[in-house]
Amino acid sequence: MGITAKDRIRAKLKKGNTSVRLLLAHPMHTGRAKNKQDELIPAEFIQDIRCWRNEEEVLTIKCGTATARNPYFSFQLAGGESNDLIAIRWVDNLGAKGLTETRVK
Amino acid sequence: MSKIDQKRRAILKGTISASTLAMVAASGLLLPQRLLAHWPKDAFNSETVEDALLALVGQAEVASDKALNFKVGSPPSYAVNGASVPVAIESDLDNIERVAILVEKNPFPLAMSFDLSPAVLLPFKSMIKIREDSNVIAIIRAEGKLYKTSRFVEVDIGGCG
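To keep things clear, this report deals only with the structure shown in the data block. (Residues numbered from 1 in each chain as written. Chains lettered and ligands numbered in written order. Predicted model: local features only at pLDDT ≥ 70, side-chain atom pairs only at ≥ 80, totals over all residues.)

Describing the overall build of chain B
Now for step 1: Of regular secondary structure, chain B possesses three helices and eight strands.
Now for step 2: Burial statistics for chain B: of 161 residues in total, 35% are counted as buried.
Now for step 3: For chain B, the proportion of contacts with a sequence separation of at least 24, taken over those separated by at least 6, is 68%. (Helix = DSSP H or I, 4+ residues; strand = E, 2+ residues; numbered from the N terminus. Buried ≥ 20, exposed ≤ 12 C-beta atoms within 10 Å, placed from the backbone. Contact = placed C-beta atoms within 7 Å.)

Here it is, written out as structure tokens:
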């Protein structure tokens, strides 16, 4: 399945805390599924996601193959001000990388 | 090439790999608080819940506790499509260091693990794949203790194909 979507990220202030929602565009193949020709689709999945707020690393997520396709994450960061920079970097098992960032609204 | 030369080569190779391994181990052991760069392969490739936990959080007493609350599926405890089952983890604990989500009957139970800095607040939400009806386990490590709780989830369409 081809992926045309882009990584999406939203960060919003809610009751003084920053709420971050993140949607990555990634097929997350487990290496166990087969395609129509009955061949195994090689594993391709995000292993490591990191999140920074204004140069400070706040969260590391390690994913296995059991993370759903187009992984979605939502979490809160204590405090924060509008216009903080939230940056996400991810790496998959084949070495592909992604960077997505946003400003807190 | 003489025999001695070959031997020397083998020894050289051996020492290099041993020292790099030692360095990797040391960096992990000396900086337990730091968020480590490498992917915990052993934990993610283990085929039982026990092995995965041992590799991920080490041996520690599990204090099963009400402090940890989580939801799987929508509506909870039932999922139509196992390929993307929502999970939400919430807890009142302070100083949470690491959270892990495991699915007991998946080929590789460990679905994800994340390391939190004090700036991160729960609830944490995400989506996982579940192969068949199974217990889903959430583990939190906080202040050297483990808190574990599980939910049984029914799945209509398996999600690990």
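So, the overall build of chain A
Now for step 1: Secondary structure summary: chain A contains zero helices and seven strands in total.
Now for step 2: Residue burial in chain A is summarised as follows: out of 105 residues, 33% are buried.
Now for step 3: Partitioning the intrachain contacts of chain A with sequence separation of at least 6 by distance along the chain shows that 53% fall at a separation of at least 24.

Quick notes on unusual backbone geometry
All names here are of chain A.
Now for step 1: In this structure, asparagine 54 takes a positive phi of about 45° despite not being glycine.
Now for step 2: Mapped onto the fold, asparagine 54 is located in the loop between β3 (46-53) and β4 (56-63).
Now for step 3: Using a count of 13 C-beta atoms within 10 Å as the deciding quantity, one classes asparagine 54 as partly exposed.
Now for step 4: Of note in this structure, asparagine 83 is not a glycine but carries a positive phi near 80°.
Now for step 5: Secondary-structure assignment places asparagine 83 in the loop between β5 (72-77) and β6 (85-92).

Considerations on the interface of chain B and chain A
Now for step 1: On the chain A side, the residues contacting the 29 residues of chain B number 28 residues.
Now for step 2: Contributing elements (two or more residues each) for the side of chain B that touches chain A: β5 (110-116) and β6 (120-128) of chain B.
Now for step 3: Broken down by class, the residue content of the side of chain B that touches chain A amounts to 20 nonpolar, six polar and three charged.
Now for step 4: For β5 of chain A and β6 of chain B, the ladder comprises four bridges, and the chain directions are antiparallel. Residue phenylalanine 73 of chain A lies in a different strand from β6 of chain B, and its bridge partner there is serine 126 of chain B. (Nonpolar A, V, L, I, M, F, W, Y, C, P; charged D, E, K, R; others polar. Pairing = 2+ DSSP bridges.)

Notes on the pairing of strand β4 (residues 96-103) of chain B
All names here are of chain B.
Now for step 1: Burial within β4 is extensive, with six of its eight residues counted as buried.
Now for step 2: Relative to strand β7 (residues 134-142), β4 is paired through seven bridges, and the arrangement is antiparallel. The residue bridging valine 103 from the neighbouring strand is valine 136, located in β7.
Now for step 3: Where β4 lies against β5, five bridges are found, and the strand directions are antiparallel. Residue pairing in the sheet places arginine 98 in a bridge with aspartate 115 of β5.
Now for step 4: Counting the residues in the hairpin turn of β4 and β5 gives six residues.

What to know about the pairing of strand β3 (residues 85-91) of chain B
In summary, the side chains of a regular strand alternate between the two faces of the sheet.
Residue and element names in this part refer to chain B.
Now for step 1: Burial along β3 is one-sided: Val85, Val87, Ile89 and Ser91 are buried, while Pro86, Ala88 and Glu90, pointing the other way, are not.
Now for step 2: As paired strands, β3 and β6 are joined by five bridges and run antiparallel to one another. The residue bridging alanine 88 from the neighbouring strand is lysine 125, located in β6.

Structural notes on the environment of lysine 129 of chain B
All names here are of chain B.
Now for step 1: Along the chain, lysine 129 falls in the loop between β6 and β7.
Now for step 2: Given 25 C-beta atoms within a 10 Å radius, lysine 129 is considered buried.
Now for step 3: Here the alpha-carbon distance between lysine 129 and serine 84, two residues 45 residues apart in the chain, equals 5.3 Å.

With respect to the environment of glycine 98 of chain A
Residue and element names in this part refer to chain A.
Now for step 1: Among the structural elements, glycine 98 can be located in strand β7 (residues 97-103).
Now for step 2: On the basis of neighbour counts, which here come to 16 C-beta atoms within 10 Å, the residue glycine 98 falls in the partly exposed class.
Now for step 3: With residues up to four places along the chain from it excluded, the contact list for glycine 98 reads Asp7, Leu24, Arg89 and Trp90.

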